[in-house]
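Spelled out, the chains give:
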Amino acid sequence: MTKFGVGQSIRRVEDQRFITGSGRYTDDINLAGQAYGYVLRSPEAHARIASIDVSAAKAAPGVLAVITGQDIVAGGSGNTLPCLIPMENRDGSAAKLPLRVVLCTDRVRHVGDHVAFIVAESLSAAKDAAELVQVDYDSLPVAADTEQAEQAGQPLVHDAVPANLSFDWEFGKRPATEQALAGAAHVTTLKLVNNRLIANPMEPRACVAEYDAGGDALTLHACTQGGHLWVDPVAAFMGMPREKIRVLTPDVGGGFGMKAMIYPEYAMAAWAARQLKRPVKWTAERSSDGFLSDVMGRDHVTVAKLGFDADHKIVGMEVMTWANMGAYINLFAPFIPTGAALKVLPGVYDVKNLVYRVKGVLTNTTPVDAYRGAGRPEAIYLMERLMDQAARELGQDPTELRRRNFITAAAMPFQTAAGERYDSGDFAKVMDTALEASGWSGFASRKAASERRGLRRGRGMSYYIESTMGDPQEMARILFMEDGTVGVVVGTQSNGQGHETAYVQVLVDRLGVPFDKVKILQGDSASLPFGGGTGGSRSLTAAGWAIRDASEVVIERGKHYAAREFEAAAADIEFSRAEGSFKVVGTDRQIGILELAAKARAMPAPAEGVAGMDAEATAKIDQWTFPNGCHLAEVEIDPETGVTTIDRYIAVDDFGVVVNPMLVAGQVHGGVVQGIGQALYEHAVYDEFGQLVSGSFMDYCMPRADNVPAMEVRTVEIPCKNNPMGIKGCGEAGSVASPAAVINAIIDALADLGVTAVDMPATPLRIWQLIQERRQPIAAE
Amino acid sequence: MYAFEFHRPSSVADAIAALKAASDGKLMAGGQTLIPTLKQRLAQPSDVIDLGGIKELHGIRQDGNSLVIGAMAKHGEVAGSDLVKSVIPGLHELAGLIGDPQVRNRGTIGGSLANSDPAADYPAAVLALNATIKTDRRSIAADDYFTGLFQTALADDELITAISFPRPEACGYAKFRNPASRYAIVGVMVARTGGGVRVAVTGAGPCAFRLPDFERALAGSFSADALAGLSVSPSGLNSDMHASAEYRAHLVRVMAQRAVKAVR
Ligand SMILES: Cc1cc2nc3c(=O)[nH]c(=O)nc-3n(C[C@H](O)[C@H](O)[C@H](O)COP(=O)(O)OP(=O)(O)OC[C@H]3O[C@@H](n4cnc5c(N)ncnc54)[C@H](O)[C@@H]3O)c2cc1C
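Residues numbered from 1 in each chain as written. Chains lettered and ligands numbered in written order. Predicted model: local features only at pLDDT ≥ 70, side-chain atom pairs only at ≥ 80, totals over all residues.

A. Expanded view of the overall build of chain A. Scanning chain A from terminus to terminus reveals 19 helices and 32 strands. When the backbone C-alpha atoms are referred to their principal axes, chain A occupies close to 85 × 75 × 55 Å. For chain A, with 781 residues in total, the buried portion stands at 58%. Look at the contacts in chain A between residues 6 or more apart in sequence, and 80% of them connect residues 24 or more apart. (Helix = DSSP H or I, 4+ residues; strand = E, 2+ residues; numbered from the N terminus. Buried ≥ 20, exposed ≤ 12 C-beta atoms within 10 Å, placed from the backbone. Contact = placed C-beta atoms within 7 Å.)

Here you go:
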């Protein structure tokens, strides 16, 4: 193992920049002649726009342009952003996918919907002018509730979408599943809510659009999770060829899926930059832009049945979900509750028969799309709640019920009822490691100690499996620079994960170059022909693989040059990864890779089109990976106040081969806390009028450091068989695992009161009300 | 934020003069409430008068049997003051529970009391400890000060200079925090004073209020158990996504009991 290679907890090199305040984020970019954009948003959840009068605003001091939807339509452009997901209903008909409108022309459909874009010499001039825009709204009735939206009599969000039903999708074997459930010895039935969340990265969204009139080209600087994905939508919106669009991404302060999408504001800024021939900047403010326009996450209502035979083995699973899409269908939105959730709906169990139906409903709320885990947290939360409830109903230990139904290590590779092929995993081993690490058997005495303090203790388990996903190809290019450094060009986009460290470790491992001589070059859509971006926990698997393959090409080329250098046969050259040098076999003649690369520039290339030792490669991922793990939570509930405190949290994960244990622990910590946020604190609440009640951090509760215990995080390395590095990916795992662990623990703590279900977030109010309903709280001494 | 004239006077008299001269002037202490209000364009004062440069408004001192805290004393100063800790430990503890370190390093006791947010902590202490609000022109007794939601007995152009807290025999504070904002959903201070037991509640109603029946019960027996059978009517209490009126009413009793247990 080299000092900076795979398996080492190397400190994040990017942190020097981030924690000393020298990161460069989109809002730090200021271009000469830059103007400032401000979005006038709808205060109404649903209204007809009778008229918009922008004349006073246009005449206001410092104002350069006031753009409305009419201007965009008149400019010949489509006024919408795309959805990339083909959707078909269960009856074979096409889904109805009303696309996100850039600037509303005749109707607004959620609070915060975009009405006008005001561009001025300063932001405050733009805001002043926005107050002069006269909009006449005729209020319309509002559909805001996920479960109610498709009911008769509900107002229609889009007139062309009856019953607000965008799609009615189904996967699986319905007759077989129904039959299995009918014949089951026991059926567990559960209805639950997967609460709506707001992503809230530290860095709000932002862009600077720059138009080059001479070349008729547009550069968009923005916080993305991979700018390649935006090129086509921007080109389509602008009516420009894709070669004329370049997306540049500087440092990004958190994305969580929410920043993967192209947004209306970015389209407006691009439009205004071309119209004004000046750079136009737009930066979201937290409550007045981010809370209203950033895509939100989750928001499902689900009813499910899980059937067992007399041996407590699962015979069938039937699931029906209402997924709130918000007011428009966003980029990936329909895929999240359907295909993405489906991948892991059966979890780690041998579910023989499965049917999954999803109704995507439209409401007068902000659009919903991918949010860390994207469908998989929803699926695992369901399955793991079902397993705990079934264990209670069957009078069986929850660990035993799981063990009995696990897909065994011997059964790998295993084709699931959801159509996935799990390549590897040893769920029993991972669970046993977690049980031991947690002191699971010492629970009774801890519970007694809590009771003496008037507190109820409960414990909960969640065994999750994740299916990483995304673009199945990724490219990397290795460049030996004149200054002796090595550049690695990638098409993924770190937004906090630590790619600038992990990728270098992969390269150091393959080529033995000095760690501090390598620079990861990301964030330029023009630098590679394609790039899949970061999301779906794919980056290290995909880009790491490409870096690995490109390294092999470097070595091949290096052998060619070394052979010339030493006047030997290429077959006699060997490469030492540890030393990073090419040697003539059986001699002491050798040359370092960087020295050789410098010389290679002036040497004849092995083939046409090859420049020195620079190389590139594309990884093709035909099978994704299945990170999995067992998370255990122990909570204490104060029955007098309803406050839940997480006292212990243990995560044992199988991420396959771990490149940097510290980065992995960081991802697990963050993911677990995000899931704890969902389980206990976070909730985007709309009232019946479609107003966002939790409209700022005063009411939208993010988890904070004092809300989480010190976690115990371990890994069990079972190499993935679907990629040469054995990596499984860890980015989303924590957020997939922790909600069920926490809620199961809460239900356990309240079970003797007869509580069998608790919805998220389990706020003090909700817990207190549940206890009140049971009217038999144990009194504090 | 709209444009305004900015003043930084160095005396109370100059501040009052600037306030009177302005068509719609606003005093600024730490700006913790004022600045967000301005940034969201919810207020458009003609003039902002920064109190930060007025020496007489700063500082914490003992005056006989009272603790006098200048209006511009920051929460962090009160929470970090050995004097406060030794004279009124319950008040010291309360200040340390306000917001987060950033808020405590800017927010002031004068700003908090002038603003009279229904969820602020200090009002419970002012009322329970029978403090006196000193202004540029008069002294206002705690019982006369809080008049309604964001309403106080202060005149529009009146300036708080200091708050005088008589030293209680003992007092204790218990706070149930709003998980998001960390303001008080319910905060209760219980104090044994020369004038009897006083129990004051913040967070639950439109403004801080006292609980006479709790005070009577504690006068009989100063123990948490003495409150066990008491309840508070939810009618008129605040209700929001974090806490219904019923839940708040319940929490008032629970927090009062915990405050009694915390008494020092
Ligand atoms: C995130 C956050 C969390 C918070 N959490 C809590 C909490 O848990 N508990 C709590 O009690 N408070 C909390 N606060 C409130 C905070 O502690 C301040 O007390 C409050 O915001 C007042 O701030 P300030 O002193 O900076 O006054 P400013 O914002 O400057 O002024 C507030 C108002 O008082 C007026 N004013 C200021 N000083 C005087 C004076 N001397 N005389 C007359 N009028 C005056 C101003 O004109 C203005 O109208 C929180 C605030 C924030 C932003």
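After that view, the rundown keeps rolling.
B. Geometry of the overall build of chain B. Scanning chain B from N- to C-terminus turns up eleven helices and 14 strands. Overall, chain B is about 55 × 45 × 30 Å in size when its C-alpha atoms are taken along their principal axes. In chain B, which comprises 264 residues, the share counted as buried stands at 47%. Restricting to contacts in chain B with at least 6 residues of sequence separation, those with at least 24 account for 62%.

C. Quick look at the domain arrangement of chain A. Residue and element names in this part refer to chain A. The domain boundaries assigned to chain A delineate domain 1 (14–21 + 470–620), domain 2 (34–201 + 255–387) and domain 3 (423–469 + 624–774). Once you take the C-alpha centre of each, domain 2 and domain 3 turn out to be 26 Å apart. Contacts between the two partners involve 33 residues from domain 2 and, on the opposite side, 37 residues from domain 3. At the level of secondary structure, the elements contributing two or more residues to the side of domain 2 that touches domain 3 comprise strand 10 (186–194), strand 11 (197–198), helix 8 (286–293), helix 9 (336–343) and helix 10 (376–394). The leading source of residues in the side of domain 2 that touches domain 3 is helix 10, at six residues. For the side of domain 2 that touches domain 3, the residue count by class is 18 nonpolar, nine polar and six charged. (Domains from an automatic or database assignment. Nonpolar A, V, L, I, M, F, W, Y, C, P; charged D, E, K, R; others polar.)

D. Focus on the packing of helix 10 of chain A against helix 18 (residues 733–750) of chain A. Residue and element names in this part refer to chain A. Viewed as axis vectors pointing N to C, helix 10 and helix 18 meet at an angle of 30°, and their least axial separation amounts to 8 Å. Relative to helix 18, the element helix 10 lies roughly parallel. Here helix 10 runs over helix 18; the crossing is right-handed. Taken together, the residues of helix 18 that come into contact with helix 10 (itself represented by Arg376, Pro377, Ile380, Tyr381, Glu384, Arg385 and Asp388) are Ser735, Val736, Pro739, Ala740, Ile743, Asn744 and Ile747. (Axes fitted to C-alpha atoms, helices over the stretch in contact; angles between N-to-C directions. Parallel < 35°, antiparallel > 145°, perpendicular 65-115°, else oblique. Left-handed = near helix turned anticlockwise from the far one by under 90°.)

E. Structural detail: the interface of chain B and chain A. Taken together, the eleven residues of chain B in the interface contact 14 residues of chain A. With three residues, the single largest contributor to the side of chain B that touches chain A is helix 11 (residues 245–262) of chain B. Of the residues belonging to the side of chain B that touches chain A, the class tally is eight nonpolar, three polar and no charged.

F. Main features of the pairing of strand 3 (residues 63–68) of chain A. Residues and elements named next belong to chain A. Counting buried positions along strand 3 yields six of six residues, so the element is predominantly enclosed. Where strand 3 meets strand 7 (residues 114–120), five bridges bridge the pair, whose relative direction is antiparallel. By the bridge assignment for strand 7, Val63 is matched with Ala120. (Pairing = 2+ DSSP bridges.)

G. Fine view of the environment of A:Glu717. Tracing the sequence through the fold places A:Glu717 in the loop between strand 32 (712–715) and helix 18. Residues in contact with A:Glu717, not counting those within four places in the same chain, are A:Gly656, A:Val657 and A:Val658.

H. Representation of the packing of helix 17 (residues 661–681) of chain A against helix 18 of chain A. Residue and element names in this part refer to chain A. Remark: helix 17 packs on helix 18, axes separated minimally by 7 Å, with the N-to-C direction vectors making an angle of 45°. With respect to helix 18, the element helix 17 is oriented oblique. The handedness of the crossing between helix 17 and helix 18 comes out as right-handed. Counting all contacts with helix 17, which are made through Gln667, Val668, Gly670, Gly671, Val672, Gln674, Gly675, Ile676, Gln678, Ala679 and Leu680, the residues of helix 18 involved are Ala733, Gly734, Ser735, Ala737, Ser738, Pro739, Val742 and Ile743. Looking at side-chain class alone, the contact of helix 17 with helix 18 contains ten nonpolar, nine polar and no charged residues.

I. Structural context of the site of the ligand. Residues and elements named next belong to chain B. For the ligand, the set of nearby residues contains 31 residues, the closest of which are Gly30, Gly99, Gly107, Gly111 and Ala114. Of all the secondary structure elements, the ones that give two or more residues to the shell around the ligand are strand 2 (25–28) and helix 7 (109–115). At five residues, the largest contribution of residues to the shell around the ligand is made by helix 7. Grouping the constituent residues of the shell around the ligand by class yields 14 nonpolar, 13 polar and four charged. (Near = placed C-beta within 6 Å.)

J. Structural view of the sheet that holds strand 18 (residues 314–326) of chain A. All names here are of chain A. Strand order in this open sheet of five strands is 9-19-18-17-10, and the pairing throughout is mixed. Each having just a single partner strand, strand 9 (165–172) and strand 10 make up the two edges of the open sheet. Averaged over neighbouring strand pairs, the angle between their axes works out to 10° when direction is ignored. Sheet topology places strand 10 next to strand 17 (residues 300–308); nine bridges connect them, and they run antiparallel. Each bridged residue has a counterpart across the sheet, and for Leu192 the counterpart in strand 17 is Thr302. Across the face of the sheet, helix 5 (residues 174–182) comes into contact with strand 9, strand 10, strand 17, strand 18 and strand 19 (354–362) while running at roughly 120° to strand 18. Packing against the sheet, helix 10 makes contact with strand 10, strand 17 and strand 18, and its axis sits at approximately 140° to strand 10.

K. Inspection of the nonpolar core at higher detail. Of all hydrophobic cores here, the largest spans 335 residues; its most connected members are A:Ile118, B:Val188 and B:Val190. Per-element tally for this core: the top contributor is helix 18 of chain A, with twelve residues. If near-sequence neighbours (up to four positions away) are discounted, B:Val188 is found in contact with B:Ala124, B:Ala174, B:Val199, B:Val201, B:Val252, B:Met255, B:Ala256 and B:Ala259. (Core = buried A, V, L, I, M, F, W, Y, C linked by C-beta atoms within 7 Å.)

L. Geometry of the domain arrangement of chain B. Residues and elements named next belong to chain B. For chain B, the assigned domains read domain 1 (5–50), domain 2 (57–166) and domain 3 (170–262). The C-alpha centroid of domain 2 is placed 20 Å from the C-alpha centroid of domain 1. Examining the composition of the side of domain 1 that touches domain 2, we find that five residues originate from one element, helix 1 (residues 12–21), more than from any other. Here the side of domain 1 that touches domain 2 is composed, by residue class, of six nonpolar, four polar and one charged.

M. Seen up close, helix 4 (residues 123–130) of chain A. Every buried residue of helix 4 of chain A is accounted for by A:Ala125, A:Ala126, A:Asp128, A:Ala129 and A:Ala130. Looking at the buried residues of helix 4 of chain A, the elements they touch are strand 1 (35–41), helix 2 (55–59), strand 3 and strand 7 of chain A.

N. Fine view of the sheet that holds strand 3 (residues 47–50) of chain B. All names here are of chain B. With parallel pairing, three strands are arranged side by side in an open sheet as 1-3-2. In this open sheet, the two strands that pair with only one neighbour each are strand 1 (5–7) and strand 2. Direction aside, neighbouring strands of the sheet carry axes that sit 20° apart on average. As judged from the three bridges shared by strand 1 and strand 3, these two strands associate in the parallel manner. Its bridge partner lying in strand 3, His7 is registered against Ile49.

O. Structural context of helix 17 of chain A. For helix 17 of chain A, with 21 residues, the first-to-last C-alpha span of 29 Å sits near the 30 Å given by 1.5 Å per residue. With 15 of 21 residues buried, helix 17 of chain A is to be regarded as a mostly interior element. (Expected span 1.5 Å × (residues − 1).)

P. The arrangement of unusual backbone geometry in detail. Cis peptide bonds are those with omega within 30 degrees of zero, and the linkage from A:Met412 to A:Pro413 qualifies with -5°. Along the polypeptide, A:Pro413 turns up in the loop between helix 11 (398–405) and strand 20 (414–415). Of the consecutive residues A:Met760 and A:Pro761, the connecting peptide bond is found in the cis state with omega at -5°. With respect to the element layout, A:Pro761 can be found in the loop between helix 18 and helix 19 (764–774). A positive phi is found at A:Asp216, a non-glycine position, where the angle reads about 45°. The topology assignment puts A:Asp216 in the loop between strand 12 (206–212) and strand 13 (217–222). Given 12 C-beta atoms within 10 Å, A:Asp216 falls into the exposed group. In this structure, B:Ser116 takes a positive phi of about 50° despite not being glycine. Here B:Ser116 is to be found in the loop between helix 7 and helix 8 (122–128). Residue B:Ser116 is classed as buried on the basis of its C-beta count, with 24 C-beta atoms lying within 10 Å.

Q. Seen up close, the confidence of the model for chain A. Of the residues in chain A, 99% have a pLDDT of 70 or more, and the chain-wide mean is 96. Confidence drops under a pLDDT of 50 for residues 777–781 of chain A, and excluding neighbours within four residues, the segment shows seven contacts in the predicted structure. (pLDDT = per-residue confidence, 0-100.)

R. Spatial organisation of the confidence of the model for chain B. In the predicted model, chain B carries a mean pLDDT of 97, and the fraction of residues at 70 or more is 100%. Both confidence scores are given for the complex: pTM 0.97, ipTM 0.96.

S. Spatial organisation of the environment of A:Arg404. Residues and elements named next belong to chain A. As for its placement among the helices and strands, Arg404 is situated in helix 11. Using a count of 16 C-beta atoms within 10 Å as the deciding quantity, one classes Arg404 as partly exposed. As a C-alpha pair, Arg404 and Asp311 span 93 residues in sequence and 8.8 Å in three-dimensional space. In contact with Arg404, other than residues within four places in its own chain, are His312 and Lys313.

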